[in-house]
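# An overview of the molecular structure
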Amino acid sequence: MDFELSDELKDFRKMVREFALDEFTSEVARKRDFEESYPDDLRVKSLQKGIIDFSSPWKTMVAIEELCRVDAGLGISVTVPYFGAEVIMLFGNDAQKEKYLSEVNKGKKMMGLAVTEPGGGSDVAANKTEAAKSGNKYILNGSKMFITNGQIADFFVMLARTSKADSAKKHRGMSTFIVESKFKGFSANKLEGKLGVRATNTAELILNNVEVPEENLIGEEGKGFYYIMTFFNISRVFVAAQAIGVAQGALDRTLEYLKNNAPSGELQNEYVQFTLSDMATRIEAARLLMYKAASYLFQFKPNPTITSMAKGYASETAVFASEKAMELTGLYGLSGDLERYFRDAKIMEIWEGTSEVEKLIIARMLEKESDSSE
Amino acid sequence: MNDDLKLMKETVRDFSAKNIENIALKIEREGIHKDLLKKLAEQGFLGATAPQEYGGSELDGASYRAILEELSSFSPSVGVLVFLYNSIASKLLNKGKAGDYLKEILSGESTLGFGYGEILEGYGNSSGNEGSDGKGILKKDVIFPTANKFIALDGSGQNLILAKGKIEKAKDKKSLGIRGLGISDVIIDTSGTENLGLRSDIVKAIEDSSLEIAAIYLGIIKGSLNKAIEYAKVRTTFDHYLKDYSPVAFSLSNLRAEEELLRSYIYETDNENGKGLNALIFAESLSKKATKQALQTHGGYGYLEDFGVEKFYRDAMTISTILFRGRTDRKRLSEEVFGTEAGNL
Ligand SMILES: Cc1cc2nc3c(=O)[nH]c(=O)nc-3n(C[C@H](O)[C@H](O)[C@H](O)COP(=O)(O)OP(=O)(O)OC[C@H]3O[C@@H](n4cnc5c(N)ncnc54)[C@H](O)[C@@H]3O)c2cc1C
């Protein structure tokens, strides 16, 4: 057991932090937050500077944490153009990887993952979007809700139903497709007025007789639900990294305030000290959980229990830390950058499995694991 | 709760359902417009406790708190405005020339902002004299920066003045909460001002208003839980209504129970002997819990302003920053409990 990152990763972490501190200034973060506009310039820059390196999942995780530590809206914006790539990586064929993934990896294209529907996000098996086979095509009809990059992505990994929902086995009969935004019948409506992560782009997608060529089916028909769940087991580690970044950033900024801007003696007050200790302890615990989940996952031995624990706990920690940061910094936090952390943090408990869904997964896995250990 | 109070609450609720609910989102986006101010004035809410000679209604404490609760359950911004006008402005402006202005704001003709950041922190224009012509002075964290006049601190940082309108609005940034009023830095014209008393007067006014601030929190708790409970009745996941899942049902009903306890306390007590503080400290933390759970119950929809639930989450935190003074208030309560200095270290 070794609790240290490798020297290479440590150097990488340092480089990402410097990049974030240089580029994610308060002015830029506030502007994007205020305008709800996507920072494409930063996406391009982060690629050029080698901040995004998909050949190493450890680097990706570290980069997400460090970027979100300085600003979550911007940090997520520059790391999310690849959202859903693992589905193609793991289950797609070579032609799909070549045509779609390589473009994304070069930064020439952007992608998204479209699972959630207006009628439900937690209950993925209740998805209604239909994909009807017709000759060598599938015809897609339905709608997708809250889709990140919805208005700016070139294509989406999309879950749709290829056979009727048999109520007992609803999760069967679902398939994943690559759907390009330029396909006829596809449209996206930007969703405005988000509480936080406002630099990210979110949209509702409408599919009106969208014709998808059969070569865009990912893997096998009927296995979509399983592919998506496999994906969430990966992406949840990265959401944990987002959340830990937010929590750590809130602590950084609180300490900075207490040292440099607060009335003298604040740091000597025990109420303040205890609050800081609580924040730091939870952040450290969340990070260790994330490292554990990551080390299982990146060695191809994913552990869904630990992954859900890491995602759920890190999200709660982000909300907790940003709340305490507001409490300790008062008006300074309210009129400065910390209020943005408070707004951004809350998304962590909602997307990619709400905190409640993580708890359901953990409980189910506990039951299973105790069966198999008997 | 007696019949008069019940009637008062119903009246405010009907008023809010008619005049606030349908524009609640607009209030968040564009601020409180003049026509709403006029209606609030006509109903006697703007000057609920103010003396009649200034157009006030001289209502009793419980009725006033009922107004704060009900208005805040629809729009916390409106609740905070009514609070600032009654619990602060009416106490400071009820004299001399300022009295004329008090009449104007209580009738909804004119508006009053608050150089709140400075007043709370207790610094004067030491924070910067940005309007270098000697007229304008930067005031930080001003509540209601689009107002016509402002209560602010003078140069010494000790005296309160009624200052003329703003010269310049600082750059755009949405405030975390009470967006119906807004909070931002502005440069205020301080020439030809009226003296209103000492900074300590406003601090005292806030300290004497613990139950009223708790009533605003109560409204926030009620408004957010109402939404969540309604949503949990209609939203289904995994073939069941959200209300049928024990974690959802238990957490919302627990919060509602705490809300009820807070309510009965708020209407049956007064601000004497630290009782208001009991309510305030309980309400502050309950408002954070309730608004967080209410948002969470809405899933992704809770994260969008259209559903009118995230504003409670923002507003609870904002009010905790401007009207609740964390450690100061906890220390005040500790001193009540211990009967002597406590909680200094
Ligand atoms: C900004 C943003 C970006 C997003 N990006 C994407 C994206 O790129 N792609 C995508 O596919 N989706 C995306 N989502 C959707 C997100 O993943 C869903 O919002 C989330 O999964 C929850 O689904 P829901 O909103 O339908 O809530 P619901 O499923 O309706 O849940 C409502 C509430 O009930 C709780 N609940 C549900 N079932 C139970 C139960 N059995 N027991 C106890 N509690 C329960 C939930 O935890 C939640 O608190 C995004 C959402 C947002 C807000």
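Residues numbered from 1 in each chain as written. Chains lettered and ligands numbered in written order. Predicted model: local features only at pLDDT ≥ 70, side-chain atom pairs only at ≥ 80, totals over all residues. Heavy atoms only, no water.

### Topic: the overall build of chain A
Note the threshold: The helix count covers DSSP runs of H or I at least four residues long, the strand count covers runs of E at least two residues long, and both are numbered beginning at the N terminus. For this measure, only C-alpha atoms enter the radius of gyration; the expected value for a globule follows 2.2 Å times N^0.38, where N is the number of residues. Relative accessibility thresholds used throughout: buried, under 20% of the residue-type maximum; exposed, over 50%; partly exposed, between the two (1.4 Å probe, protein chains only).
Each helix and strand counted, chain A has twelve helices and eight strands in total. Since a compact globule built from 374 residues should have a radius of gyration of about 21 Å, the 21 Å found for chain A is in line with a globular shape. Once the C-alpha set of chain A is aligned to its principal axes, its extents read approximately 75 × 55 × 40 Å. Residue burial in chain A is summarised as follows: out of 374 residues, 59% are buried.

### Comments concerning the overall build of chain B
Let me state the cut-off plainly: Whether two residues touch is decided by their heavy atoms; if any such pair falls within 4.5 Å, the residues are in contact. Exposure was quantified through the Shrake-Rupley algorithm and a 1.4 Å probe, taking into account, for residues, occlusion by the shown protein chains and nothing else. The sign given to each residue is positive for Lys and Arg and negative for Asp and Glu; His and the chain ends receive no count. Note that the charge is assigned to NZ on lysines, CZ on arginines, CG on aspartates and CD on glutamates.
Of the regular secondary structure elements, chain B holds 13 helices and nine strands. The C-alpha extent of chain B, read off along each of the three principal axes, is 70 × 45 × 45 Å. Looking at the 345 residues of chain B, the share that counts as buried comes to 58%. Considering only contacts in chain B between residues 6 or more positions apart, those separated by 24 or more positions represent 73%. By element, 48% of the accessible surface of chain B is carried by carbon and sulfur atoms, the whole surface being about 13,700 Å². Across chain B, the 45 positively charged side chains and the 50 negatively charged ones have centroids separated by 3 Å.

### Digging into a nonpolar patch on the surface
All names here are of chain A. Using the following cut-off: Within the patch definition used here, like charges are joined within 9 Å and nonpolar side chains (Val, Leu, Ile, Met, Phe, Trp, Tyr) within 5 Å, considering only residues with over 30% relative accessible area and no salt bridge. Throughout this description, the term salt bridge denotes a Lys or Arg side-chain nitrogen within 4 Å of a carboxyl oxygen of Asp or Glu.
Nonpolar side chains collect at one region of the surface, where M1, F3 and L288 lie side by side and expose about 420 Å² of accessible area between them. Looking at the secondary structure, you find L288 in helix α9 (residues 270-298). Classification of L288 as partly exposed rests on a relative accessible area of 35%.

### As for the nonpolar core
To keep things clear, this is the line we draw: Buried Ala, Val, Leu, Ile, Met, Phe, Trp, Tyr and Cys residues form a nonpolar core when they are joined through side-chain atoms within 4.5 Å.
Residues L71, L93, L112, F114, Y116, I143 and I151 of chain B are the most contacted members of the largest nonpolar core, which totals 206 residues. The residues touching F114 of chain B, leaving out its near neighbours within four places in the chain, are L84, Y85, I88, A89, D141, V142, I143, F150 and I151 of chain B. Of all hydrophobic cores here, the second largest spans 18 residues; its members include L140, A153, M158 and F186 of chain A.

### Details of the site of the ligand
Filter applied, for reference: Whether a residue is near a molecule or strand depends on its heavy atoms: if one lies within 4 Å, it is near. We define a polar contact as two N or O atoms separated by no more than 3.5 Å, with the added condition that, inside protein, one atom must be a possible hydrogen donor and the other a possible acceptor, whereas residues neighbouring each other in sequence contribute only through side-chain atom pairs. Polar here means any residue outside two lists: the nonpolar Ala, Val, Leu, Ile, Met, Phe, Trp, Tyr, Cys and Pro, and the charged Asp, Glu, Lys and Arg; Gly therefore counts as polar.
Around the ligand there are 29 residues in total, and G121, S122, F146 and T354 of chain A together with Q296 of chain B lie nearest to it. Site remark: the ligand is flanked by residues from chains A and B. Here S122 of chain A contributes a side-chain N or O atom positioned 2.6 Å from an oxygen atom of the ligand. One of the backbone N or O atoms of Q296 of chain B is found 2.6 Å from an oxygen atom in the ligand. Surface burial for the ligand is 96%, taken as the share of its 980 Å² of free accessible area covered by protein chains. Among the elements of the structure, β1 (111-114), β3 (137-148) and α12 (355-372) of chain A together with α11 (275-297) of chain B are those that each provide at least two residues to the shell around the ligand. Of the residues that constitute the shell around the ligand, the class distribution is 14 nonpolar, eleven polar and four charged.

### Brief notes about the packing of helix α4 (residues 61-74) of chain B against helix α9 (residues 210-234) of chain B
Helix-helix packing is characterised by the crossing angle of the two axes and by the distance between the axes. Residues and elements named next belong to chain B. Rules: Between N-to-C directions, angles cover 0 to 180 degrees, with each direction set by a line fitted to C-alpha atoms, over the stretch in contact for helices. By definition, any crossing whose near helix is turned counterclockwise from its far helix by less than a right angle is left-handed, and any crossing with a clockwise turn is right-handed.
Interhelical geometry of α4 versus α9 gives an angle of 35 degrees and a closest axis separation of 7 Å. As for how α4 packs across α9, the hand of that crossing is right-handed. The segment α4 lies against α9, with Y64, R65, L68, E69, E70, S72 and S73 engaging L211, E212, A215, I216, L218, G219, I220, K222 and G223. A per-class count over the contact of α4 with α9 returns seven nonpolar, four polar and five charged.

### Here we look at α11 of chain B
All names here are of chain B. The test is simple: The span expected for a helix works out to 1.5 Å for each residue beyond the first.
Between its first and last C-alpha atoms α11 spans 33 Å; for 23 residues at 1.5 Å apiece the expected length is 33 Å, and the two agree. In terms of burial, α11 is largely enclosed, as 17 of its 23 residues are buried. Once α11 ends, the next one or two residues include G299, with phi positive near 55 degrees.

### As for the environment of A214 of chain B
All names here are of chain B. When you line up the elements, A214 lands in helix α9. A sequence separation of 52 residues divides A214 from I266, and the C-alpha atoms of the two residues are 7.5 Å apart. Those residues in contact with A214 that lie beyond four places of it in its chain are I266, A279, L280 and A283.

### Structural notes on the side chain of R179 of chain B
Mapped onto the elements of the fold, R179 of chain B is located in the loop between β5 (166-169) and β6 (183-189). The buried charged residue R179 of chain B lacks any salt bridge, with E305 of chain B as its nearest oppositely charged partner at 4.9 Å. A polar contact of 2.7 Å, which involves the side chain of R179 of chain B, links it to the backbone oxygen of S175 of chain B. In contact with R179 of chain B, other than residues within four places in its own chain, are R343 of chain A together with I27, E28, G31, S77, K174 and R314 of chain B.

### Concerning helix α5 (residues 72-79) of chain A
Residue and element names in this part refer to chain A. With respect to burial, α5 is a largely interior element, eight of its eight residues being buried. Listing the buried residues of α5 in full gives A72, G73, L74, G75, I76, S77, V78 and T79. Where α5 is buried, its residues touch α2 (26-35), α3 (40-48), α4 (57-70), α8 (224-260) and α11 (338-345).

### Quick word on the domain arrangement of chain A
All names here are of chain A. Applicable threshold: For every domain, the bounds stem from an assignment made automatically or drawn from a database. By definition, the buried area sums, over both parts, the 1.4 Å-probe accessible area that each loses when the two are put together.
Each assigned domain of chain A is listed with its residue range as follows: domain 1 (7-79), domain 2 (109-222) and domain 3 (227-373). The straight-line distance from the C-alpha centre of domain 1 to that of domain 2 is 28 Å. Between domain 1 and domain 2, the contact holds 13 residues from the first and ten residues from the second. Taking both partners together, domain 1 and domain 2 bury about 950 Å²; carbon and sulfur atoms supply 55% of that area. Our enumeration of links across domain 1 and domain 2 arrives at two salt bridges. Between E36 and R198 there is a salt bridge, and its shortest N-O distance comes to 3.7 Å. Counting every contact that joins domain 1 to domain 2 gives six residue pairs in polar contact (both at pLDDT 80 or more). Those elements that provide at least two residues to the side of domain 1 that touches domain 2 are α2, α3 and α5. Here the side of domain 1 that touches domain 2 gets four residues from one element, more than from any other, and that element is α5. Broken down by class, the residue content of the side of domain 1 that touches domain 2 amounts to five nonpolar, three polar and five charged.

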